[in-house]
Protein chains: 2
Amino acid sequence: MPPNPRSRLRVVLVAPRNPLNIGASARAMYNFGFAALRVVNPYEVAFREARSAVRAAPLLAAAEEFTSVGDAVADCDLVVGSTSVGHRELQHPLRSLGPAARIIRRRLQSGTAAILFGSEKFGLSNDDLSHCHWLLRIETAAPDQSMNLGQAVAVCLYELTRAARPAAAPREPKRASAAANEQITVMLLEGLERSGYINPLTSASSEDKTRRLIRRLNLSQRDAAVVLGMLRQILWKLNEAGS
Amino acid sequence: MPPNPRSRLRVVLVAPRNPLNIGASARAMYNFGFAALRVVNPYEVAFREARSAVRAAPLLAAAEEFTSVGDAVADCDLVVGSTSVGHRELQHPLRSLGPAARIIRRRLQSGTAAILFGSEKFGLSNDDLSHCHWLLRIETAAPDQSMNLGQAVAVCLYELTRAARPAAAPREPKRASAAANEQITVMLLEGLERSGYINPLTSASSEDKTRRLIRRLNLSQRDAAVVLGMLRQILWKLNEAGS
């Protein structure tokens, strides 16, 4: 692989509770050669405890803390949620880990990607999922029980580094960053409110739905710029009309 | 696979010290559909604590305890030692996990096999290794540091069950018809004209570009309906403003 694709993967733990799991995730990252750990709203005691663990110390010390998933993935072109159970997430394309890892690996050749892992107890929320382009599932024999967090991270990173197939990948245009997708989402939401499509008072679920919709489009960087320009102009007109 | 090959694999933990690791190993076995856990000379307190863990209770309750590796693998046709570091074991053939799992899987079709995992601190001793036919290694990027025991078990069992699955195509929702895409294109073009983004007199190439953009989005049938609804409302508002 060119320079270091592994440095362009962010492992994002959302609301982890258990210091041992944070430590185990960091250790697996070290084992498989990854470094960028991000933590969103950790249970603070857990995060402090994990940081004090000896083994993965440098990696954990460099871990970045965020207060929202949106911020944690803002610089990522591809955002993938992980799940080991199979209900609920019907709005998202679901890929099993093998094919998912191939896509992520390809993306890391030239871009950045994030894999999100939910909390031990609740997994990823609908709001977390709305930031994801698609989901990966570790196919287990017991779909009624989720995997341990540290083990799920280890299995994903193992698959990601597993004998990369030499199969030449078709060249894909660079995808839009999460920040660009979010900008589009925000402008579209404003337009939808202005035009009366969304009622601002009851818009929370519309917001999630719209965010997911935009992520599903999987816009290229260039298309995202065009869409932004279109939205900006439409919004300007709508605001002019409203004033 | 015939009857149940997975029931013929024994996961053997040699001298484990940490109850959490024993519990995590049992949980991974449950996740991936294995059942036969064997423990050789565990640190007794750890084993008792692990047994009291709720999640993997039945599997742990059924775990068999042995006082020697020889006894623990007596009924196994193939005995494989695991390692994530690479020194010392030069007497044994060493296979990386992918090829190793293929051989073990084949053996389980008609026979029994054991995978040995050493203690957290010391790994497998030379005496333990003397019972092994060969060794498997999880190829990590950091050969100076061993993997966490529970994570190593999870990764091995994942690989063992990995190729057994049909390469399932992601469940993709039905795509929007060409007619729906065209309807979206027409409405978007109208909105872009209304808002001044496109000059109607010189719009031929914009029309092409917009049509191609919409096709690239590769909308699902359901998303197309949502987008149409959004556009209809925005257009209505723009027209109201213009009149």
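Residues numbered from 1 in each chain as written. Chains lettered and ligands numbered in written order. Predicted model: local features only at pLDDT ≥ 70, side-chain atom pairs only at ≥ 80, totals over all residues. Heavy atoms only, no water.

Caption draft 1: Representation of the pairing of strand 6 (residues 113–117) of chain A within the structure. Residue and element names in this part refer to chain A. When you tally the buried positions in strand 6, you get five out of five residues, the bulk of the element. Pairing geometry for strand 1 (residues 9–14) and strand 6, over five bridges, is parallel. For valine 12, the partnering residue across the bridge sits in strand 6 and is leucine 116. One ladder, built from four bridges, connects strand 4 (residues 78–83) with strand 6; its direction is parallel. If you follow valine 80 over to strand 6, its bridge partner there is isoleucine 115. (Buried < 20%, exposed > 50% of the residue type's maximum accessible area, 1.4 Å probe, protein only. Helix = DSSP H or I, 4+ residues; strand = E, 2+ residues; numbered from the N terminus. Pairing = 2+ DSSP bridges.)

Caption draft 2: Structural context of the pattern of salt bridges. What the rule picks out here adds up to 21 salt bridges over all chains. Two residues, arginine 162 of chain B and glutamate 159 of chain A, come together in a salt bridge whose shortest N-O distance is 2.5 Å. Note that arginine 162 of chain B is positioned in helix 7 (residues 149–162) and glutamate 159 of chain A in helix 7 (residues 149–161), a pairing that runs across two chains. For arginine 215 of chain B, the salt bridge is made with glutamate 182 of chain B, and the minimal N-O distance between the two is 2.7 Å. (Salt bridge = Lys/Arg side-chain N within 4 Å of Asp/Glu carboxyl O.)

Caption draft 3: Spatial organisation of the side chain of arginine 162 of chain B. Using a relative accessible area of 14% as the deciding quantity, one classes arginine 162 of chain B as buried. The residues touching arginine 162 of chain B, leaving out its near neighbours within four places in the chain, are Gly98, Glu159 and Arg162 of chain A together with Arg105 of chain B. (Contact = heavy atoms within 4.5 Å.)

Caption draft 4: Main features of the packing of aromatic side chains. Under the definition given, this model contains three aromatic pairs over all chains. Aromatic pair tyrosine 158 of chain A and tyrosine 158 of chain B: ring centres 6.4 Å apart, planes at 85°, arrangement edge-to-face. Of this pair, tyrosine 158 of chain A sits in helix 7 while tyrosine 158 of chain B sits in helix 7, which puts the two residues in different chains. Centroid distance phenylalanine 32 of chain B to tyrosine 158 of chain B: 6.2 Å. Interplanar angle 65°. Geometry classified as edge-to-face. With phenylalanine 32 of chain B in helix 1 (residues 19–32) and tyrosine 158 of chain B in helix 7, the pair connects residues that are 126 residues apart, well separated along the chain. With respect to burial, phenylalanine 32 of chain B and tyrosine 158 of chain B carry one shared label: buried. Among the aromatic side chains, those forming a connected cluster through ring pairs are Phe32 and Tyr158 of chain A together with Phe32 and Tyr158 of chain B. (Phe/Tyr/Trp six-rings, centres within 6.5 Å; stacked < 30°, edge-to-face > 60°.)

Caption draft 5: Just helix 9 (residues 204–217) of chain A, in detail. Residue and element names in this part refer to chain A. With 14 residues, helix 9 ought to run about 20 Å at 1.5 Å a step, and its terminal C-alpha atoms sit 21 Å apart, in line with that. Residues of helix 9 that are buried include every one of Asp208, Thr210, Arg211, Arg212, Leu213, Ile214, Arg215 and Leu217, and no others. The first or second residue beyond helix 9 is asparagine 218, which carries a positive phi of 50°. (Expected span 1.5 Å × (residues − 1).)

Caption draft 6: Layout of the environment of alanine 28 of chain A. Residue and element names in this part refer to chain A. Here alanine 28 is to be found in helix 1 (residues 19–32). Residue classification places alanine 28 among the buried positions, given a relative accessible area of 0%. Once the C-alpha coordinates of alanine 28 and glutamate 190 are considered, the two residues, 162 residues apart in sequence, prove to be 42 Å apart.

Caption draft 7: Spotlight on the sheet that holds strand 7 (residues 134–137) of chain B. All names here are of chain B. A sheet is described by the order of its strands in space; here seven strands give the open sequence 3-2-1-6-4-7-5, paired in parallel fashion. Single-partner strands in this sheet number two, and they are strand 3 (64–66) and strand 5 (94–96). Mean inter-strand twist for the sheet, computed between neighbouring axes without regard to direction, equals 30°. (Axes fitted to C-alpha atoms, helices over the stretch in contact; angles between N-to-C directions.)

Caption draft 8: Local environment of the interface of chain B and chain A. Each partner contributes to the interface: chain B provides 58 residues, whereas chain A provides 58 residues. At the boundary of chain B with chain A, total buried surface from both sides reaches about 5000 Å², with 58% on carbon and sulfur atoms. Of all residues in chain B, the largest losses of buried area upon contact with chain A belong to Asn31, Gln145 and Gln151 of chain B, amounting jointly to 13% of the total for that side. Our count for the chain B to chain A interface comes out at four salt bridges. In this structure, the salt-bridge partner of aspartate 223 of chain B is arginine 216 of chain A, at a minimum N-O distance of 2.6 Å. Our count for the contact surface shared by chain B and chain A stands at 18 residue pairs in polar contact (both at pLDDT 80 or more). Taken together, the elements giving at least two residues each to the side of chain B that touches chain A come down to helix 1, helix 5 (97–108), helix 7, helix 8 (178–194), helix 9 (204–217) and helix 10 (221–242) of chain B. Considering every element that reaches the side of chain B that touches chain A, the biggest residue donor is helix 10 of chain B, with 11 residues. (Buried area = accessible area lost by both parts, 1.4 Å probe. Polar contact = N/O pair within 3.5 Å; in protein donor to acceptor, adjacent residues only side chain to side chain.)

Caption draft 9: Broad picture of the confidence of the model for chain A. Residues and elements named next belong to chain A. Here chain A shows a mean pLDDT of 85. Residues at 70 or above account for 88%. Looking across chain A, the model is least confident in helix 2 (residues 44–51), with a mean pLDDT of 79, and most confident in strand 6, with 97. Taken as a whole, residues 165–170 scores under 50 in pLDDT and shows four contacts with residues more than four places along the chain or in a different chain. With a pTM of 0.75, the predicted complex shows an ipTM of 0.71. (pLDDT = per-residue confidence, 0-100.)

Caption draft 10: Focus on the nonpolar core. Residues Ile104 of chain A together with Ile104 of chain B are the most contacted members of the largest nonpolar core, which totals 80 residues. When near neighbours in sequence (up to four residues on either side) are disregarded, isoleucine 104 of chain A contacts Leu9, Leu78, Val80, Ala113, Ile115, Trp134, Leu136 and Leu160 of chain A. (Core = buried A, V, L, I, M, F, W, Y, C linked by side-chain atoms within 4.5 Å.)

Caption draft 11: Broad picture of the packing of helix 5 of chain B against helix 7 of chain B. Residues and elements named next belong to chain B. Two elements in contact, helix 5 and helix 7, have axes whose closest approach is 9 Å; the angle formed by their N-to-C orientations is 60°. Taken together, the axes of helix 5 and helix 7 are oblique relative to one another. Remark: the crossing between helix 5 and helix 7 carries right-handed chirality. Facing Leu97, Gly98, Ala101, Ile104 and Arg105 of helix 5, the residues of helix 7 in contact are Val155, Cys156, Glu159, Leu160 and Arg162. (Parallel < 35°, antiparallel > 145°, perpendicular 65-115°, else oblique. Left-handed = near helix turned anticlockwise from the far one by under 90°.)

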